[in-house]
Amino acid sequence: MDDPAAPGPAGSPANDNGNGNGNGNGNGKGKPAVPKGRETFRNQRRESEGSVDCPTLEFEYGDSDGHAAELSELYSYTENLEFTTNRKCFEEDFRTQVQDTKEWLELEEDAQKTYVMGLLDRLEVVSREKRLKVARAVLYLAQGTFGECDSEVDVLHWSRYNCFLLYQMGTFSAFLELLHMEIDNSQASSSALRKPAVSIADSTELRVLLSVMYLMVENIRLEREIDPCGWRTARETFRTELSFSTHNEEPFALLLFSMVTKFCSGLAPHFPIKKVLLLLWKVVMFTLGGFEHLQALKIQKRAELGLPPLAEDSIQVVKSMRAASPPSYTLDLGESQLAPPPSKLRGRRGSRRQLLTKQDSLDIYNERDLFKTEEPATEEEEESAADGERTLDGELDLLEQDPLVPPPPSQTPLSTDRVAFPKGLPWAPKVRQKDIEHFLEMSRNKFIGFTLGQDTDTLVGLPRPIHESVKTLKQHKYISIADIQIKNEEELEKCPLSLGEEVVPETPSEILYQGMLYSLPQYMIALLKILLAAAPTSKAKTDSINILADVLPEEMPVTVLQSMKLGIDVNRHKEIIVKSISALLLLLLKHFKLNHIYQFEYVSQHLVFANCIPLILKFFNQNILSYITAKNSISVLDYPCCTIQDLPELTTESLWHWI
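What you see is a predicted model, and the numbers here were worked out from it, not measured in a lab.

### Details of the overall build of the chain
A count of helices and strands for the chain gives 29 helices and zero strands. Considering the chain as a whole, with its 659 residues, one finds that 40% of them fall into the buried category. About 37200 Å² of surface is accessible on the chain, with carbon and sulfur atoms providing 54% of the total.

See below:
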């Protein structure tokens, strides 16, 4: 667009010609004029960045983080003391049940199965204290029996091995029954409601149960090529058990959703909500499938509907894109490039007139053929046109340059050397049938004076560029699965009796949606309430949800070191909650959209009703760069590192070294 008030190139003063805001005084000593909005934006950027550099954000776009990182996020730093407690409970029970002097890793597989069966039998006791000790012994097995390991790799290996062994012996079903008991434990809920502040001690039983179930789901979900055949069979069986209703019970994900709503309603403030959300996210990912499985389902469904195969995988395209924050110098670079020198201003106006002339010529296109050879122009017209084309080419060159690459110091911003950059979009364009119909309708109204409805084949009376445009649009025509689903629903509404009932396949997505349908608004509101409480810019209110019940210790910190450690733990706790909820919602939306477009729209509708969009904007209404680059973790306190190495003596100075 024509912007005579834009600043000139570096080193040249801006001239105030009566149409702009230049502050030049005519002697070449004035500073280039900067529009008020651009200067305000630059000041805001400088304030937001502060002393934080603008690094290149490196990440891997996938379903989840690494295996060790996902396991470490299950535990808060306040729970680190319980690793020793779990080990003591196991060793005491193991010495009383196994007379041999062998360690757990030295036992034969049959002996290990026998011991696990004994553990499950001892879970069925009335005493809550004894039951908790046995559950802690099971948790120690699921954590990899780290007391007998020498490295973190060994801990992760034996954690997977023990989890598969526990599942084959029926441990998950036994812990599911215990989880039902704890959810219905009204005494624990009433005790937590009477307390002024709920701490980590109020959710001990639930945390142990959820930790065992999470470790089993995460370890069994992980696929590796070296896994034995028995593990692969167990994985598919486990997925089926979690996906479909068994013994007239609801899918496991619905039980976790009910825990989320019960927590948000205030009836169970002692629920360890972070563990619940992490387990819910991993169960949905395990049962419905991640991004790769989703792409395979999409290809399969398109083949069943007779649609052409996909030209690309959108997830793979996103993976190849670089995530980077715009450097601070791009704004100054753009300011120095946007405005041409004063001598080129007349050329810009000339080019604009030329563009308007070309646009006006389309109105008389049916009277004149633009493909014919034009008459020779006069010398004045050629000079004016050449001046305008040079200016237009210069502007296009500037717009096409990669804004992330600064010009070399030896060249001026208006250098004729062009910067190499990839042209075009990173993905293939897609055109809907309605887009083609709308384009032809506008063209026919303009050139012929009437329309032909939905006819996209008849092009009589339209000029040749319109023919080429329609041909290009049809080459990129894309029919989505949603279009077929909407069309089928419309046909069913027109002929409900003749077409009969629609046959709906019992897929895991369909079963989960049917179970969520009646309480779907409550589920979405509960998730967004927790997300709001975890937002970094949200202000604490008296009626807000306390999401720190499973991170706050019984005794509040009294030293500076304890306060710093707890502060990092709280920030880490919130980050994990935000990650789990956002990943869960994204996964549900993608699978429901593939299953049926109306299911996706229904979930999206309730998210909008619950003010999901302002909530997302709240996350961006902050110093987003420092929020992304902040590291709220202490490496020596993360699992499994904290179980193998002797923890160093942390001080206020050494704490920053481990962050």
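### Some remarks on the side chain of serine 159
By the secondary structure assignment, serine 159 is in helix 6 (residues 152-168). The residues contacting serine 159, other than those within four sequence positions of it, are Ala142, Gln143, Gly144, Asn219 and Tyr639.

### With respect to the confidence of the model for the chain
Do not read the predicted coordinates in detail wherever pLDDT is low. Here the chain averages 77 in pLDDT, and 72% of its residues register 70 or above. Long-range and interchain partners of residues 325-375, a stretch whose pLDDT sits below 50, account for 82 contacts in this model, where long-range means more than four residues apart. Contacts from residues 388-422, a stretch scored under 50 in pLDDT, to residues over four places away or in other chains number 36 contacts.

### Some details on the layout of surface pockets
Approximately 2200 Å³ is the volume found for the largest pocket. In terms of lining residues, the largest pocket is bounded by 43 residues, among which Phe59, Glu575, Lys579, Ser582 and Ile628 are the most central. Residues of the lining of the largest pocket, tallied by class, amount to 24 nonpolar, eight polar and 11 charged.

### A few points about a nonpolar patch on the surface
A cluster of nonpolar residues, Val608, Phe609, Ile613, Ile616, Leu617 and Phe620, forms a patch on the protein surface that exposes about 640 Å² of accessible area. Listed by contribution, the elements that provide at least two residues to the nonpolar patch are helix 25 (597-609) and helix 26 (612-620). In terms of residue count, helix 26 provides more of the nonpolar patch than any other element does, four residues in total. Note on placement: phenylalanine 620 falls in helix 26. Among the residues examined, phenylalanine 620 registers a relative accessible area of 55% and is labelled exposed.

### What to know about unusual backbone geometry
Going from tyrosine 639 to proline 640, the amide bond is cis rather than trans, its omega being 0°. For asparagine 611, which is not glycine, the phi torsion reads 60° and is therefore positive. Considering the arrangement of structural elements, one finds asparagine 611 in the loop between helix 25 and helix 26.

### Here we look at the pattern of salt bridges
This structure, assessed with the given rule, holds 23 salt bridges. Among the ionic pairs, lysine 282 bridges to glutamate 70, the shortest N-O distance being 2.9 Å. Here the residue lysine 282 occupies a position in helix 12 (residues 273-288), and glutamate 70 occupies one in helix 2 (residues 67-72), the gap between them amounting to 212 residues. The class for lysine 282 is buried, based on a relative accessible area of 0%.

### Some words on the nonpolar core
Judged by nonpolar contacts, the single largest core of 120 residues is most densely connected at Phe252, Val260, Met516, Ile530 and Ile547. The residues contacting isoleucine 530, other than those within four sequence positions of it, are Val260, Phe263, Cys264, Ile273, Leu277, Ile545, Ile547, Ile577 and Ile581. One finds Val431, Ile436, Leu440 and Phe447 within the second-largest nonpolar core, a separate group that totals eight residues.

### Describing the packing of aromatic side chains
As enumerated under the stated definition, the model contains 19 aromatic pairs in all. Summarising the aromatic geometry, the rings of tyrosine 167 and phenylalanine 238 are spaced 4.7 Å apart at their centres and angled 45° between planes, so their arrangement reads as tilted. With tyrosine 167 in helix 6 and phenylalanine 238 in helix 10 (residues 229-243), the pair connects residues that are 71 residues apart, well separated along the chain. Pair check on accessibility: tyrosine 167 and phenylalanine 238 agree, each one buried. An aromatic cluster is defined as three or more aromatic residues linked by ring pairs; in this entry it consists of Tyr75, Phe83, Phe90, Phe94, Trp104, Tyr115, Tyr140, Phe146 and Tyr639.

### Some details on the packing of helix 6 against helix 9 (residues 204-221)
Between helix 6 and helix 9, the least distance of the axes is 9 Å, while the angle of their chain directions is 110°. Judged by the angle between their axes, helix 6 and helix 9 are roughly perpendicular. Touching Ser159, Arg160, Cys163, Phe164, Leu166 and Tyr167 of helix 6 are Leu215, Met216, Asn219 and Ile220, all from helix 9. Across the contact of helix 6 with helix 9, the residue classes tally to seven nonpolar, two polar and one charged.

### Describing a negative patch on the surface
A contiguous patch of negative charge, built from Asp121, Glu124, Glu177, Glu249 and Glu250, is present on the exposed surface. Position of glutamate 124 among the secondary structure elements: in the loop between helix 4 (109-122) and helix 5 (128-142).

### Describing the side chain of glutamine 295
With respect to the helices and strands, glutamine 295 occurs in helix 13 (residues 291-304). Ignoring anything within four residues of it in the chain, the contact list for glutamine 295 reads Leu310, Glu312 and Asp313.

### Some points on the state of the cysteines
What is meant by a disulfide is a covalent connection between two cysteines, made through their sulfur atoms. Under the defined criterion, the tally for this structure stands at zero disulfides. Sulfur of cysteine 641: no disulfide; nearest cysteine sulfur belongs to cysteine 642 and is 7.0 Å away. Residue classification places cysteine 642 among the buried residues on the basis of a relative accessible area of 11%.

### Focus: the environment of glutamate 489
As for its position among the elements, glutamate 489 is in helix 20 (residues 481-494). For glutamate 489, a relative accessible area of 15% gives the class buried. Sequence separation between glutamate 489 and tyrosine 598 is 109 residues; the distance between their C-alpha atoms is 9.7 Å. Among residues more than four places away in sequence, those in contact with glutamate 489 are Glu502, His596 and Tyr598.

### Considering helix 23 (residues 520-533)
Side chains that are three or four residues apart share a direction in an α-helix, a result of its 3.6 residues per turn. The first and last C-alpha atoms of helix 23 sit 20 Å apart over 14 residues, in line with the 20 Å expected at 1.5 Å per residue. The complete set of buried residues in helix 23 reads Leu520, Tyr523, Met524, Ala526, Leu527, Leu528, Ile530, Leu531 and Ala533. Buried residues belonging to helix 23 abut helix 11 (252-264), helix 12, helix 22 (508-516), helix 24 (560-595), helix 25 and helix 26.

### Some remarks on the environment of isoleucine 581
Along the chain, isoleucine 581 falls in helix 24. On the accessibility criterion, isoleucine 581 (0% relative accessible area) is buried. Separated by 301 residues in the primary sequence, isoleucine 581 and leucine 280 place their C-alpha atoms 9.2 Å from one another. Sequence-distant contacts of isoleucine 581, that is, excluding residues within four places in its chain, are made with Leu277, Leu527, Ile530 and Leu531.

Conventions used here
Residues numbered from 1 in each chain as written. Predicted model: local features only at pLDDT ≥ 70, side-chain atom pairs only at ≥ 80, totals over all residues. Heavy atoms only, no water. Helix = DSSP H or I, 4+ residues; strand = E, 2+ residues; numbered from the N terminus. Buried < 20%, exposed > 50% of the residue type's maximum accessible area, 1.4 Å probe, protein only. Areas by Shrake-Rupley, 256 points an atom, 1.4 Å probe, with all protein chains shown as cover. Contact = heavy atoms within 4.5 Å. pLDDT = per-residue confidence, 0-100. 1 Å grid on protein atoms, 1.4 Å probe; cavity = no way out; pocket = protein on both sides within 12 Å on 5 of 7 lines; lining within 4 Å. Points joined across faces, edges and corners; volume = space filled by probe spheres on them. Nonpolar A, V, L, I, M, F, W, Y, C, P; charged D, E, K, R; others polar. Patch = residues over 30% accessible without salt bridge, like charges linked within 9 Å, V, L, I, M, F, W, Y side chains within 5 Å. Salt bridge = Lys/Arg side-chain N within 4 Å of Asp/Glu carboxyl O. Core = buried A, V, L, I, M, F, W, Y, C linked by side-chain atoms within 4.5 Å. Phe/Tyr/Trp six-rings, centres within 6.5 Å; stacked < 30°, edge-to-face > 60°. Axes fitted to C-alpha atoms, helices over the stretch in contact; angles between N-to-C directions. Parallel < 35°, antiparallel > 145°, perpendicular 65-115°, else oblique. Lys, Arg positive; Asp, Glu negative; His and termini not counted. Charge placed at Lys NZ, Arg CZ, Asp CG, Glu CD. Disulfide = S-S within 2.5 Å. Expected span 1.5 Å × (residues − 1).

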